[in-house]
Amino acid sequence: MGRSTNPAVALEREAPCQDAPAPRPFLKWVGGKTKLLEQMTPLLPASWNRYFEPFVGGAALFFDQRTRRPDVPAFLSDVNAELVSCYVAVRDELDAVLVALGKHVYESDYYYAVRAQKPAELPSAARAARTIFLNKTGYNGLYRVNRSGQFNVPFGRFTKPLFRDVENLRACSRALSGVSIEHGDFSTVLERAKKGDFVYFDPPYVPVSATSDFTAYIPGGFGEVEQRKLADVFRKLAKRGVHVMLSNSDTPFVRELYEGFAVDVVYAARSVNSNAARRGKLAEVVVRSYAGKRA
Ligand SMILES: C[S@@+](CC[C@H](N)C(=O)[O-])C[C@H]1O[C@@H](n2cnc3c(N)ncnc32)[C@H](O)[C@@H]1O
């Protein structure tokens, strides 16, 4: 059947279906905020001009807010190049990503062959499909690379992992349409965010117990120096009149870094932990620049 030339019909086709599913994160990410959304939503500013999420990870808050505020300009970024190129491909060439995903099979030897590929050498759609496939079929949905940057998560045991969730990927692609997605350090948000914008920071967390790990220098890691730099960026943005919200673990160091700002505690049920005994509830803080104490 040919395309209708009647503009009204064309418009009807393009309009989002009333009962189109809401997008959910299509990658499982350590520190994902899906289970915290209910506690975090009441802490959001009443309104904002533009949305920034510079540690985007699984983008749980972004996808949730996108459904409610589809027209607000949004800027997502992350230092993980695989993650960023995956979002770009899902936004710009979802059909090709779906074709590439359709070629994958859930089988151990196959998984390790895909894992061994060099992602930067793959065409963009195949590269994104590889990230989604490994994320959904690898152990615990972790993203972990070794010192040379090679993804090294072992094969995961699942009954029937859904790595080609067409409906949700389409919803995510629509949600990402028109959104800026960039590879870069969180500090670049300083070059962009203006008064009235909203910035949500969800950095790698300060460790709750293993303080020795935290002080150790990890190349490319997020240690004490980066946490202090982030607190400095938070303060600069707050001074500018940007609405800033940040998640982190509830530790004396974090409370000291953000002293003077409003701090609320939320409780996360952590499931990405290989030690079942450590899967209890964890206290996290949500720091806000706009909640009255000091802006
Ligand atoms: C806790 S996760 C974010 C979780 C996310 N909010 C969600 O709901 O899934 C932290 C993210 O920060 C990114 N990251 C680490 N260091 C960074 C840096 N210096 N600048 C920007 N992103 C960074 C990691 O790649 C990771 O995706």
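Please refer to the structure higher up on the page.
Keep in mind that this is a model prediction, so the values were computed, not measured. All residue numbers refer to position in the chain's written sequence, counted from 1. Two thresholds apply to this predicted model, a pLDDT of at least 70 for residue-level local features and 80 or more for giving and counting side-chain atom pairs, whereas whole-chain, interface and lining totals are computed over all residues. Values reported for side chains reflect all heavy atoms of the structure, with hydrogen atoms and water molecules removed beforehand.

A. View of the side chain of Glu-53. Inspection of the secondary structure assignment puts Glu-53 in strand 1 (residues 51–53). For the buried Glu-53, no salt bridge exists, and the shortest N-O distance to an oppositely charged side chain is 8.2 Å, to Lys-33. For Glu-53, the side chain forms a polar contact with the side chain of Tyr-51, separated by 2.6 Å. Note on definitions: a residue-residue contact is assigned when non-hydrogen atoms from the two residues lie within 4.5 Å. Not counting the four nearest positions on each side in its chain, Glu-53 is found in contact with Ala-59, Leu-61, Phe-62, Phe-75, Leu-76, Ser-77 and Tyr-200. For the purposes of this entry, the term helix denotes a DSSP run of H or I that reaches at least four residues, the term strand denotes a run of E that reaches at least two, and both are numbered from the N terminus. Each residue gets one of three labels from its accessible area relative to the maximum for its type: buried under 20%, exposed over 50%, partly exposed in between, using a 1.4 Å probe on protein chains only. In summary, the charge assignment counts Lys and Arg as positive and Asp and Glu as negative, without counting His or the chain termini. Take a side-chain nitrogen of Lys or Arg and a carboxyl oxygen of Asp or Glu: if they are within 4 Å of each other, that pair is a salt bridge. Polar contact is defined as a pair of N or O atoms within 3.5 Å, subject to the rule that within protein one atom must be able to donate a hydrogen and the other to accept it, and that residues adjacent in sequence are counted only when both atoms are side-chain atoms.

B. Quick peek at the environment of Gly-102. Relative to the helices and strands, Gly-102 is located in helix 5 (residues 94–102). According to the relative accessible area criterion, Gly-102 is partly exposed, its value standing at 49%. Between the C-alpha atoms of Gly-102 and Phe-133, which are 31 residues apart in sequence, the distance is 9.9 Å.

C. Broad picture of the environment of Val-90. Tracing the backbone through its elements, the reader meets Val-90 in helix 4 (residues 81–92). Separated by 79 residues in the primary sequence, Val-90 and Leu-169 have C-alpha atoms spaced 7.4 Å apart. Every residue in contact with Val-90, bar those within four places of it in the chain, is listed here: Phe-26, Val-97, Ile-132, Leu-169, Ser-173 and Leu-176.

D. Up close: the pairing of strand 7 (residues 281–288). Paired strands are those between which DSSP finds at least two bridges. Alignment of strand 5 (residues 243–249) against strand 7, held across five bridges, turns out to be antiparallel. By the bridge assignment, Leu-246 is partnered in strand 7 with Val-287. Here strand 6 (residues 262–269) pairs with strand 7 via eight bridges, running antiparallel. From the neighbouring strand, Asp-264 faces strand 7, where its bridge partner is Val-286.

E. Representation of the packing of helix 5 against helix 7 (residues 124–137). Where helix 5 meets helix 7, the axes come as close as 8 Å, and the angle between the chain directions of the two elements is 55°. Relative to helix 7, the element helix 5 lies oblique. Between helix 5 and helix 7 lies a crossing of right-handed hand. Touching Ala-96, Val-97, Ala-100 and Leu-101 of helix 5 are Ala-125, Ala-126, Ala-128, Ala-129, Ile-132 and Phe-133, all from helix 7. Considering only residue class, the contact of helix 5 with helix 7 consists of ten nonpolar, no polar and no charged. To obtain an axis, a line is fitted to C-alpha atoms, over the contacting stretch when the element is a helix, and the angle between two such axes runs from 0 to 180 degrees between their N-to-C directions. In this scheme, roughly parallel covers angles under 35 degrees and roughly antiparallel covers those over 145, while 65 to 115 is roughly perpendicular and the rest are oblique. For any pair of crossing helices, the crossing counts as left-handed if the nearer helix is rotated counterclockwise from the farther one by less than a right angle, and right-handed if it is rotated clockwise. Think of it as three bins: nonpolar holds Ala, Val, Leu, Ile, Met, Phe, Trp, Tyr, Cys and Pro, charged holds Asp, Glu, Lys and Arg, and polar takes everything else, Gly as well.

F. The sheet that holds strand 2 (residues 74–78), seen in detail. Strand order in the open sheet made by the seven strands is 3-2-1-4-5-7-6, with mixed pairing throughout. Of all strands in the sheet, those bounded by a partner on one side alone are strand 3 (180–183) and strand 6. On average, each strand axis in the sheet is tilted by 20° relative to the strand beside it, whichever way the strands run. Sitting on the sheet, helix 3 (residues 60–68) touches strand 1, strand 2, strand 4 (198–201) and strand 5, and the angle it makes with strand 1 is about 160°. The sheet strands contacting helix 4 are strand 2 and strand 3, and the helix crosses strand 3 at an angle near 155°.

G. Up close: the packing of helix 6 (residues 108–115) against helix 7. For the pair helix 6 and helix 7, interaxial distance at closest approach is 10 Å and the crossing angle is 135°. Taken together, the axis directions place helix 6 and helix 7 in an arrangement best described as oblique. Here helix 6 runs over helix 7; the crossing is left-handed. For the pair helix 6 and helix 7, the contacting residues are Tyr-110, Tyr-111, Val-114 and Arg-115 in the first and Arg-130, Phe-133, Leu-134 and Thr-137 in the second.

H. Expanded view of the pattern of salt bridges. The tally for this structure, following the rule as stated, stands at 13 salt bridges. Its salt-bridge partner being Arg-127, residue Glu-82 comes within 2.6 Å of it at the nearest N-O pair. In this pair, Glu-82 is assigned in helix 4 and Arg-127 in helix 7, connecting sequence segments 45 residues apart. Each of the two residues, Glu-82 as well as Arg-127, counts as buried. Among the salt bridges present, the one from Arg-255 reaches Asp-250, with a minimum N-O distance of 2.7 Å.

I. Helix 10 (residues 224–240), seen in detail. By this rule the span expected of a helix is its residue count minus one, scaled by 1.5 Å. In this model helix 10 runs 25 Å from its N-terminal to its C-terminal C-alpha over 17 residues, within 8% of the 24 Å that 1.5 Å per residue would give. Along helix 10, the residues classified as buried are Gln-227, Leu-230, Ala-231, Val-233, Phe-234, Leu-237 and Ala-238. In an axial view of helix 10, the angular spread of the buried residues amounts to 160°, which keeps them on one side of the axis. Of the residues in helix 10, the exposed ones pointing more than 90 degrees away from the buried face are Val-225 and Lys-239. After helix 10 finishes, the residue Gly-241 shows a positive phi value of roughly 90°. The directions considered for the arc are those from the helix axis to the C-beta atoms.

J. Region of interest: the site of the ligand. Every one of the 23 residues lining the ligand counts as a neighbour, but Trp-29, Gly-58, Asp-78, Asp-185 and Asp-202 are closest to it. Between Trp-29 and the ligand, the recorded distance is 2.9 Å, taken from a side-chain N or O atom to an oxygen atom. Gly-58 places a main-chain nitrogen or oxygen 2.7 Å from an oxygen atom of the ligand. Only the protein chains shown count as cover for residues, and all accessible areas are computed by the Shrake-Rupley method using a 1.4 Å probe. Calculation on the ligand without its partners gives an accessible area of 610 Å², and the protein chains cover 90% of this total. Counted by class, the shell around the ligand contains twelve nonpolar, six polar and five charged residues. Working definition: residue near molecule or strand if any one of its non-hydrogen atoms lies within 4 Å of it.

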